[in-house]
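Below are the chains, spelled out letter by letter.
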Amino acid sequence: MRKIPCTYIRGGTSRALFFKEQDLPEDKSIWPELFTKALGVRKTAAGLSAMGVDFPTHKVAVISPHQGPEADVDYNFFQVDSENYYVDNRGNCGNMSSAVGPFAIDEGMVEAREPETVVRIYNTNTRRMITSRVQVKDGKSCTQGDAVICGVPGSGSPVWLSFERPGGGLTGKLFPTGNKIDLFHIPGHGDLPVTLIDCANPVVLFKAADAGLTGTELTSLNTRKDFIELVGRVRGMAAQMFGLVDRWEDAATKSTYMPFVGIVSPPQSYEDMDGNWIKAEEMDICCRSFITRLHRAYPIAASMATAAAARIPGTVAYEVRRKEHASRPASGRSGVVLGHAGGCTEVQMEVDGDEVIRGTVLRTANTIMRGTLWVDEV
């Protein structure tokens, strides 16, 4: 068996296996099989000898020193599909981005500076920069603090993430079709207005009302066959237009991670997944994320795209955002509060016309386990 140093980390509302690239085989073509074996993603019971496939997320991050002065480390993200048995590294995970800075500091890849260390991260998936501000004490990243984020119990040390010029990482354009609204013709449903936006990750947005929803639904969406079929069709069509698949039907098995789906509606009150009462006046826009089931919060990369769309006139998100905020200028820095299944998340979104300059969000992260991972030889 092969033994590899590995760290298991929570970043935001996700978890992932972290590797230093120097500890992995030089032949990157065998990495996907190595990662699936490490996570136990197999069709047989042989997976019982690995980490296990019952994790809520199957994610891997590979970190290495950046070659050049513009960044400190490279961050390569991999999403492992445990149902269709493939590894996708075409997109990023915004939540796990928050763990990269602490990992790089604790592993000595970046010099620790108290009380705060700025880590410049180059995300190789989207070819975009992320700036991470990490609290440091005694040469290590802090984990304890009073920062609270929705979907994570307790509090932790704040990690501020700024996604720099995140538009067009996959397609080269913020709005890949050149339109801020496209019409998808859905058999049995009719025309559905959507916004396709490539910002931090590709995302397709549509209004809850246009899908026969109130926008405050939670797990009831997981049992609605008609809605699941609608989302599958919308996501597939969007995946084809983003260039992720050749046929929309293939998205269900060949692009299960992207694009994210966002369902948006005007601010409204509801009870979140933890039973907390979320008030309409606390948010700028109400939203839900759904791929094959409801996301328990709202993915950070999707938050970037949704907040950007909410700041840019002409998108479906802008049309439903809080009306008294509609007079905010197109240029400048402004917070957008998303009310989602897990509570509220604020994104500081800086735009200039139709260009996204920067999106900043608060996260927390902590190391769960560090040690040696034993994996079958590839």
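Values in this document were obtained by computation on a predicted structure and should not be read as measured data.

Quick notes on the rules
- Residues numbered from 1 in each chain as written.
- Predicted model: local features only at pLDDT ≥ 70, side-chain atom pairs only at ≥ 80, totals over all residues.
- Heavy atoms only, no water.
- Helix = DSSP H or I, 4+ residues; strand = E, 2+ residues; numbered from the N terminus.
- Rg over C-alpha atoms; globule rule 2.2 N^0.38 Å.
- Buried < 20%, exposed > 50% of the residue type's maximum accessible area, 1.4 Å probe, protein only.
- Contact = heavy atoms within 4.5 Å.
- Areas by Shrake-Rupley, 256 points an atom, 1.4 Å probe, with all protein chains shown as cover.
- pLDDT = per-residue confidence, 0-100.
- Salt bridge = Lys/Arg side-chain N within 4 Å of Asp/Glu carboxyl O.
- Expected span 1.5 Å × (residues − 1).
- Core = buried A, V, L, I, M, F, W, Y, C linked by side-chain atoms within 4.5 Å.
- Pairing = 2+ DSSP bridges.

Colleague: Could you give an account of the overall build of the chain, naming the residues involved and the relevant values?
Modeller: A tally of helices and strands in the chain yields 6 helices and 20 strands. In summary, the chain has a C-alpha radius of gyration of 20 Å against a globular reference of 21 Å for 378 residues, a match within 12%. Projected onto the principal axes, the alpha-carbon positions of the chain cover approximately 55 × 50 × 40 Å. Here the chain holds 378 residues, and the buried ones make up 54% of them. Across the chain, the fraction of contacts at a sequence separation of at least 24, relative to all contacts at a separation of at least 6, is 62%. Here the chain has roughly 15,500 Å² of accessible surface; of this, 49% comes from carbon and sulfur atoms.

Colleague: Talk me through the confidence of the model for the chain; I want residue IDs and the actual numbers.
Modeller: On average, residues of the chain score 91 in pLDDT, and 93% of them are at 70 or above. Counting interchain partners and residues more than four positions distant, the pLDDT-below-50 stretch residues 44-48 has 2 contacts. Throughout residues 325-333 the model reports pLDDT below 50, and contacts reaching past four residues in sequence, or to other chains, amount to 24 contacts.

Colleague: Explain the pattern of salt bridges to me, using residue names and the numbers behind them.
Modeller: On inspection of all chains with the given rule, the structure shows 17 salt bridges. Of the charged contacts, one joins Lys28 and Glu21 as a salt bridge, the two residues approaching to 3.6 Å between their closest N and O atoms. The network of salt bridges with shared partners includes Lys20, Glu107 and Arg370.

Colleague: Explain unusual backbone geometry to me, using residue names and the numbers behind them.
Modeller: Residue Pro115 is bonded to the preceding Glu114 through a cis peptide linkage, with omega at 0°. For the bond running from Met258 to Pro259, omega is -5°, close enough to zero to count as cis. Along the chain, Pro259 turns up in the loop between α4 (251-254) and β13 (260-265). Phi is positive for Arg127, which is not a glycine, with a value near 60°. On the secondary structure map, Arg127 appears in the loop between β6 (116-123) and β7 (128-137). For Arg165, which is not glycine, the phi dihedral falls at a positive 40°. As for its placement among the helices and strands, Arg165 is situated in the loop between β9 (159-164) and β10 (182-186). Owing to a relative accessible area of 44%, Arg165 belongs among the partly exposed residues under this scheme.

Colleague: Explain helix α5 (residues 300-311) to me, using residue names and the numbers behind them.
Modeller: Look at α5: 16 Å from first C-alpha to last across 12 residues, which is about the 16 Å you get at 1.5 Å a residue. Of all the 12 residues making up α5, 12 are buried; the element is thus mostly covered by neighbouring parts of the structure. Along α5, the residues that are buried comprise Ile300, Ala301, Ala302, Ser303, Met304, Ala305, Thr306, Ala307, Ala308, Ala309, Ala310 and Arg311.

Colleague: Describe the nonpolar core, with residues and values.
Modeller: If you look at the biggest cluster of nonpolar residues, it comprises 88 residues, and the most contacted ones within it are Phe18, Tyr75, Ile197, Leu205, Phe206 and Val234. Residue contributions to this core peak at 9 residues, all from α5. Phe19, Ala38, Val62 and Phe78 belong to the second largest nonpolar core, which has 19 residues in total.

Colleague: Tell me about the pairing of strand β3 (residues 59-65), and name the residues and values.
Modeller: Taking burial as the measure, the 7 residues of β3 include 6 buried ones, the bulk of the element. Examined bridge by bridge, strand β2 (residues 14-20) and β3 share 4 bridges and lie parallel to one another. Bridged to Phe18 within β3 is Ala61. Judged from the 7 bridges that link them, β3 and strand β4 (residues 73-81) form a sheet pairing that is antiparallel. Bridged to Ala61 within β4 is Phe77.

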